[in-house]
Amino acid sequence: PQRLVVLVSGTGSVMQALLDAVADEAFGARVAAVVSDRAEVGALAIAEEARIPTAVVRPGDFPDRRTWDEALARTIASFDPDLLVCAGFMRLLGAPVLSRWPGRIVNTHPALLPSYPGAHAVRDALAGGAKVTGCTVMLVDEGVDTGPILAQAAVDVRDNDTEESLHTRIKAIERGLVVNTVGRMVRDGWTLNGRVATLGQPRHED
Ligand code: GAR
């Protein structure tokens, strides 16, 4: 099986869906470790309960951004991942991580990119009056939510939605989208042609 390292910052419901999925051997991957930029978040508790190795690499424990990036890269590398999955990881990845696993880092975002990138996608979609939003699974590049799109799913906005109610409905769709997309990547590979990512093509080789 391929080795996934999952990066988290929060409650971990998307990570939980991945843990459930990889329990089936046919999925083709296992979660080698869960790495967080914050201590004491729900995602870490879930991972520990599932007896998955965890690590916390907090920016506040390092003198500057670059040193944190390098420590994060070293920590991730110690788990020897084939694929990195950001599941509610709320920081930008720097060059030390991006250059070590080029084209092998997946992120999920609660909006239909390129609309509403950034840390407040659900709030921004509501404030922008969007009638349809959703979620996007993409490869990570050096921009903020600008990487090649792998998969998207739409969610209708309701007139009485709050940020919380809308995010809850997005996450319900998002969990399945992440599991499906990562599963296809693991089993069938993907290709990249410029900015166009295609799933289910001959296996991606370094
Ligand atoms: C998900 O909706 C994910 O798309 C979002 O955080 C949530 C994580 O939920 N990520 C971002 O906004 C990244 N910019 P979870 O902690 O319950 O899995």
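Residues numbered from 1 in each chain as written. Predicted model: local features only at pLDDT ≥ 70, side-chain atom pairs only at ≥ 80, totals over all residues. Heavy atoms only, no water.

For the chain, the name recorded in an unreviewed UniProt entry is Phosphoribosylglycinamide formyltransferase, with Demequina capsici as its organism. Here is the UniProt Sequence similarities (unreviewed entry) comment for the chain, exactly as written: "Belongs to the GART family." According to the UniProt record, the Catalytic activity (unreviewed entry) comment for the chain is "N(1)-(5-phospho-beta-D-ribosyl)glycinamide + (6R)-10-formyltetrahydrofolate = N(2)-formyl-N(1)-(5-phospho-beta-D-ribosyl)glycinamide + (6S)-5,6,7,8-tetrahydrofolate + H(+)". (UniProt positions renumbered as here; feature names shortened; annotations may be inferred.)

Participant: Teacher, can you tell me more about the site of the ligand here?
Facilitator: Surrounding the ligand, one finds 14 residues, the nearest of these being Thr11, Ser13, His167, Lys171 and Glu174. In this structure, an oxygen atom belonging to the ligand sits 2.8 Å away from a main-chain N or O atom of Gly12. Pro110 is positioned such that a nitrogen or oxygen atom in its backbone is 3.4 Å from an oxygen atom of the ligand. Starting from 450 Å² of accessible surface for the ligand in isolation, the protein chains cover 93%. Broken down by secondary-structure element, the contributors of at least two residues to the shell around the ligand are α1 (13-22), β5 (105-109) and α6 (163-188). When residues of the shell around the ligand are assigned to their parent elements, the largest contribution, three residues, is made by α6. Per-class residue counts for the shell around the ligand are three nonpolar, nine polar and two charged. (Near = heavy atom within 4 Å. Polar contact = N/O pair within 3.5 Å; in protein donor to acceptor, adjacent residues only side chain to side chain. Areas by Shrake-Rupley, 256 points an atom, 1.4 Å probe, with all protein chains shown as cover. Helix = DSSP H or I, 4+ residues; strand = E, 2+ residues; numbered from the N terminus. Nonpolar A, V, L, I, M, F, W, Y, C, P; charged D, E, K, R; others polar.)

Participant: Explain the pairing of strand β4 (residues 83-86) here, please?
Facilitator: Along any regular strand, the residues point their side chains to alternate faces of the sheet. Of the two faces of β4, the one holding Leu83 and Val85 and the one holding Leu84 and Cys86 are both buried throughout. Alignment of strand β1 (residues 2-8) against β4, held across four bridges, turns out to be parallel. In the strand pairing of β4, Leu7 is matched with Cys86. Sheet topology note: the β4/β5 ladder contains three bridges and is parallel. Its bridge partner lying in β5, Cys86 is registered against Asn107. (Buried < 20%, exposed > 50% of the residue type's maximum accessible area, 1.4 Å probe, protein only. Pairing = 2+ DSSP bridges.)

Participant: Mind showing me how you'd approach the environment of Ile149 here?
Facilitator: On the secondary structure map, Ile149 appears in strand β7 (residues 149-156). Ile149 sits in the partly exposed class, given a relative accessible area of 32%. Distance in space between the C-alpha atoms of Ile149 and Thr198 is 8.7 Å, their sequence separation being 49 residues. Setting aside residues no more than four positions away along its own chain, Ile149 makes contact with Leu113, Thr136, Val137, Met138, Arg195 and Ala197. (Contact = heavy atoms within 4.5 Å.)

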